[in-house]
Protein chains: 2
Amino acid sequence: MSLTGTTDMLALNKTHDASAKSWVASANTNDSDFPIQNLPFCVFKHGGETRGGVAIGDQVFDLRAAVQANVFSGDALIAAEAGSQTTLNALMALPPSINSALRAALFDHLKADGSAQAQAAELGGKTLIPTKDVELGLPCKIEGYTDFLTSIHHTERHGKLKGLKDPLPPAFHSLPVAYHGRTSSILPSGTQVVRPNGQWKDADGSVKFGAVSALDFELELGALIGQGNTQGDPVLLSQAYQHLFGFCLLNDWSAKSIQWWEQVLGPFLGKNFHTSLSPWVVTTEALLPFRTAASPRTESAPPLLAHLHSREDREYGALDIELQARILTPRMRDEKAAPSRLTLTNAKTLYWTFGQMLAHHTSNGCNMQPGDLIGSGTISGVEPESMACMTEMTQAGTHAITLDNGEQRNWLGDGDEVIFTGRAQRQGYASIGFGECRGVIIPARPYGANA
Amino acid sequence: MSLTGTTDMLALNKTHDASAKSWVASANTNDSDFPIQNLPFCVFKHGGETRGGVAIGDQVFDLRAAVQANVFSGDALIAAEAGSQTTLNALMALPPSINSALRAALFDHLKADGSAQAQAAELGGKTLIPTKDVELGLPCKIEGYTDFLTSIHHTERHGKLKGLKDPLPPAFHSLPVAYHGRTSSILPSGTQVVRPNGQWKDADGSVKFGAVSALDFELELGALIGQGNTQGDPVLLSQAYQHLFGFCLLNDWSAKSIQWWEQVLGPFLGKNFHTSLSPWVVTTEALLPFRTAASPRTESAPPLLAHLHSREDREYGALDIELQARILTPRMRDEKAAPSRLTLTNAKTLYWTFGQMLAHHTSNGCNMQPGDLIGSGTISGVEPESMACMTEMTQAGTHAITLDNGEQRNWLGDGDEVIFTGRAQRQGYASIGFGECRGVIIPARPYGANA
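In this section: the relation of the copies chain A and chain B. Comparison of the two chain copies shows a relationship of rotation about an axis with a shift along it. If you rotate chain A by 180° and push it 0.0 Å along the axis, it lands on chain B with an RMSD of 0.0 Å. Those values place the two copies in the arrangement expected of a two-fold rotation axis. Residue A:Gly266, judged by its C-alpha, is the member of chain A lying nearest the rotation axis, at 2.1 Å.

Next up on the list: the interface of chain A and chain B. If you look at the interface, chain A gives 65 residues, while chain B gives 65 residues. The contact between chain A and chain B buries some 5,800 Å² in all, and 58% of this surface belongs to carbon and sulfur atoms. The interface formed by chain A and chain B contains six salt bridges. Between B:Asp233 and A:Arg445 there is a salt bridge, with its nearest N and O atoms 2.9 Å apart. Summed over the shared surface of chain A and chain B, the number is 25 residue pairs in polar contact (both at pLDDT 80 or more). For the side of chain A that touches chain B, the secondary-structure elements that each account for two or more residues are strand E6 (145-149), strand E7 (177-180), strand E10 (197-201), strand E11 (207-211), helix H7 (256-262) and helix H10 (354-361) of chain A.

Turning next to the sheet that holds strand E9 (residues 193-194) of chain A. Residue and element names in this part refer to chain A. Spatially, five strands are ordered E9-E26-E25-E20-E21 in an open sheet, and the strand pairing comes out mixed. Edge positions in the sheet fall to E9 and strand E21 (340-346), since each has one partner strand and no second. Examined bridge by bridge, strand E20 (residues 322-328) and strand E25 (residues 417-424) share seven bridges and lie antiparallel to one another. Paired with Glu322 across the two strands is Arg423, which belongs to E25.

Time to look at the packing of helix H2 (residues 74-82) of chain B against helix H4 (residues 96-110) of chain B. Residues and elements named next belong to chain B. Orientation of H2 relative to H4, taken along the N-to-C sense of each, is 100°, at an axis distance of 7 Å. By the angle class used here, H2 and H4 are roughly perpendicular. Of H4, the residues touching H2 (which contributes Asp75, Ala76, Ile78, Ala79 and Ala80) are Ile98, Asn99, Ala101, Leu102 and Ala105. Considering only residue class, the contact of H2 with H4 consists of eight nonpolar, one polar and one charged.

A few words on the pattern of salt bridges. Considering all chains together, one arrives at 50 salt bridges over all chains under this definition. With a shortest N-O distance of 3.9 Å, B:Asp320 and B:Lys348 are connected by a salt bridge. Taken together, the residues span a long stretch of sequence, with B:Asp320 in the loop between strand E19 (318-319) and strand E20 (322-328) and B:Lys348 in the loop between strand E21 (340-346) and helix H10 (354-361) at a distance of 28 residues. As a salt-bridge pair, B:Asp416 and B:Arg409 come within 2.7 Å of each other at their nearest N and O atoms. Given a relative accessible area of 0%, B:Asp416 falls into the buried group. Overlapping salt bridges, with partners in common, bring together A:Glu218, A:Asp252, A:Lys256 and A:Lys271 in one network.

Before going further, it helps to examine the side chain of A:Thr391. With respect to the element layout, A:Thr391 can be found in helix H11 (residues 390-393). Given a relative accessible area of 1%, A:Thr391 falls into the buried group.

This part is about the packing of aromatic side chains. All names here are of chain A. Counted according to the given criterion, the structure contains 20 aromatic pairs over all chains. When the ring of Phe61 is compared with that of Phe72, the centres are 6.4 Å apart and the planes differ by 80°; the resulting orientation is edge-to-face. Highlighted residues: Phe61 in strand E3 (residues 59-62) and Phe72 in the loop between helix H1 (63-68) and helix H2 (74-82), separated in sequence by eleven residues. Taking relative accessible area as the criterion, Phe61 reaches 0% and is therefore assigned buried. With centroids separated by 5.1 Å and ring planes inclined at 75°, the aromatic side chains of Phe247 and Phe354 adopt a geometry described as edge-to-face. With Phe247 in strand E14 (residues 244-251) and Phe354 in helix H10, this pair connects stretches of sequence that are 107 residues apart. There is no split in this pair, since Phe247 and Phe354 are both buried. Taken together, the aromatic side chains of Phe172, Tyr351 and Trp352 make up a single cluster linked through ring pairs. Across from the ring centre of Tyr241, 3.6 Å away, lies the NZ or CZ of Arg291, which sits over that ring.

Attention now goes to H2(B). All names here are of chain B. Ala76, Ala79, Ala80 and Ala82 are the residues of H2 that are buried. For H2, the angular spread of buried residues about the axis comes to 160°, placing them on one side. Taken together, the buried residues of H2 touch helix H1 (63-68), helix H3 (89-92) and H4.

Here we come to the sheet that holds E21(B). Residues and elements named next belong to chain B. Judged by pairing direction, the sheet is mixed, and its five strands sit side by side in the order E9-E26-E25-E20-E21 without closing on themselves. Every interior strand has two partners, whereas the edge strands, strand E9 (193-194) and E21, have only one. Pairing between strand E25 (residues 417-424) and strand E26 (residues 432-442): seven bridges, direction antiparallel. Counterpart to Thr421 in the pairing with E26 is Glu436.

Calculation criteria
Residues numbered from 1 in each chain as written. Chains lettered and ligands numbered in written order. Predicted model: local features only at pLDDT ≥ 70, side-chain atom pairs only at ≥ 80, totals over all residues. Heavy atoms only, no water. Least-squares fit on C-alpha atoms with pLDDT ≥ 70 in both. Contact = heavy atoms within 4.5 Å. Buried area = accessible area lost by both parts, 1.4 Å probe. Salt bridge = Lys/Arg side-chain N within 4 Å of Asp/Glu carboxyl O. Polar contact = N/O pair within 3.5 Å; in protein donor to acceptor, adjacent residues only side chain to side chain. Helix = DSSP H or I, 4+ residues; strand = E, 2+ residues; numbered from the N terminus. Pairing = 2+ DSSP bridges. Axes fitted to C-alpha atoms, helices over the stretch in contact; angles between N-to-C directions. Parallel < 35°, antiparallel > 145°, perpendicular 65-115°, else oblique. Nonpolar A, V, L, I, M, F, W, Y, C, P; charged D, E, K, R; others polar. Buried < 20%, exposed > 50% of the residue type's maximum accessible area, 1.4 Å probe, protein only. Phe/Tyr/Trp six-rings, centres within 6.5 Å; stacked < 30°, edge-to-face > 60°. Lys NZ or Arg CZ within 6 Å of the ring centre and 35° of its normal. Arc of directions from axis to C-beta.

Geometric values such as these leave the question of function open.
Below is the structure:
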């Protein structure tokens, strides 16, 4: 498979070689999310200072230390310097070819039996920091956040819960539905989620305000924009993947009772109390082997408009990434039990590709900026086990689910932790992972307690 | 009237004295938007450098030059230094009392017959720049933008156009409806508006893509946040005005045919191609004399929930600001005719106050940041002349309006310029204005012309 040419500047290359191993031994175990073929970027804090890094096994490779040790030259050095800052925005803003040079140089530097191994291993003490010893933050300053609704299964189940005759909105087949989210409340994985207060309509018809019980997670994939576009100039579908720097796991925490009541012009307070993002940005180039055919369109759907259609997008526009959500309740924590799985799904089931999302988003001239976040929407598949939020699983809280240890849940409880993981696998390629996106619910604060 | 005490840190003071004049003569004419009682902030570029300033008559008072000339001391100096930067965010982040000290010092410095007049006038050559010679930009870096829907008349007319039995959404009386907007496409007044391309459903039921004809303006007031709040800690209604730094005119340009088709989770591409903001931030303190009683609630409405109600908000929560929208067509421009008025309305008619908007927005713990923008939504009153968008005036494009020169419009045409102005007046107080928010429509670019 090659995606070179008009549609994509990147092609499969040595960095995708499944046989390559790293001299960082922990990268070579079968269960590591971060083998040498992955090399996801992060922003970490260590020794009081924040800078960019790259995951390799259970270590963070310190880009700033590597620059200082003269590990890189040429384009790779340009990218490594951009990646050494306190956010990855400058790195994301570079042309894909420059960032690809850094990936190639990282691969050469970290590869076992490479020409640089002896020197690299000697530097290891300066450039590698155990991941357990660093604090992982948001990978970039996110100035724009757009959340899509691109799972046909999620959308249909929601429509049916609402009792709609046609559970899909009329425009669903013609465009990827989206709304703007709030950036100020996006927080890195691991930050506690304060149960929100809010307003809802009660079963008796009265309007109430207080701590919300209908608290849900939504399992999504987030794309971070690389190079932006000038206002007025759309990103064409054929160029879209060149503008997608990489991908993270995203938990679009939702207070459903707020959302159901407030929603006239879209979700607002039901969402903007907290959004969680995983710290590792798995690059578009690392994911190249896992590009796959877009999900088939519904037979009765109208043909795609020209700007949302290309042969390449139909053939390679989707991402084959298996995603899981698990829950760790306080009782499981006390009993040292394993988390109970809630969801097993795959990003390739989305009805719209990330390329289509970006082409649509910019089709009116809207300008994207490096580090802007695009959420896929809840990635539910057709199977019951692939339902990717509790609203679907519990039919809006009316049918409790039973966890592995017998506990039941209609919604998330205080102390519950939700853990997302993601993994891309394909015969002939090294499997790569996304790390974790975690968040534990803590009790609501009494309204006005801060006054 | 005093708003001191628990509800508001600011009270009427010498800077509101209607008899005060400035030694800058152009500030003393009756029609000046910027008498010494106004003192709105801006960010301007002159001599290749960008910094903060203050309008006085037809001049911009250069805060950086004034700091360098030792005009200020104490708290006023702290604020003036913060206001000298390339954005006003640092100024906005200061406590209101610090910014109030700067206002008092500016008033003393610019006042005619004040003790500082001779020295101040001598410095005038260094600190004053004719407004016509500067480039006015956005007043701050806007990291969050929320647009509300708080005019009951606008909302009802829209509901009726849609043929809804109950034209108001069920939650309208219980909360100020809102959605997140896009910040990247907010541009300063005067920037040309490229007619967007987009997708819509045609009369024959087919889905089309191309240049949008149903292009509209929406006349709004924008509030810019001063001090922010910590995530999880709401801004209480009693504190809300302390978190509102000031107000601008806002044109929420709308491509209605896109919006009608796409809107499932709120407005998206129908709005995010361009939003215009006026350059002058009229401060909350300058507007204190124009605080007025909140618009009466509909008799059948349920009582306000406690966190959205206070006696002070009902008595002083609204802003008496008269707003106008005018249009200047290419023919008017050719014939040197005056613009034709489209709208005459008043912000006091809004059903929800800015205090309630902010209290609601943060009631779930959502964090606001200095410089964040809150739009009021289209400010339509009950009278036909107060309809504040063409969708209302033309009944969604079906009934053309006739302009002063006999031209007709169903929607905005290429070359049309829309001009907003705003003015606060009250017996016994100097009238203050907002300057202008302008934007001229230029033709759509062929899709993909940039490829």
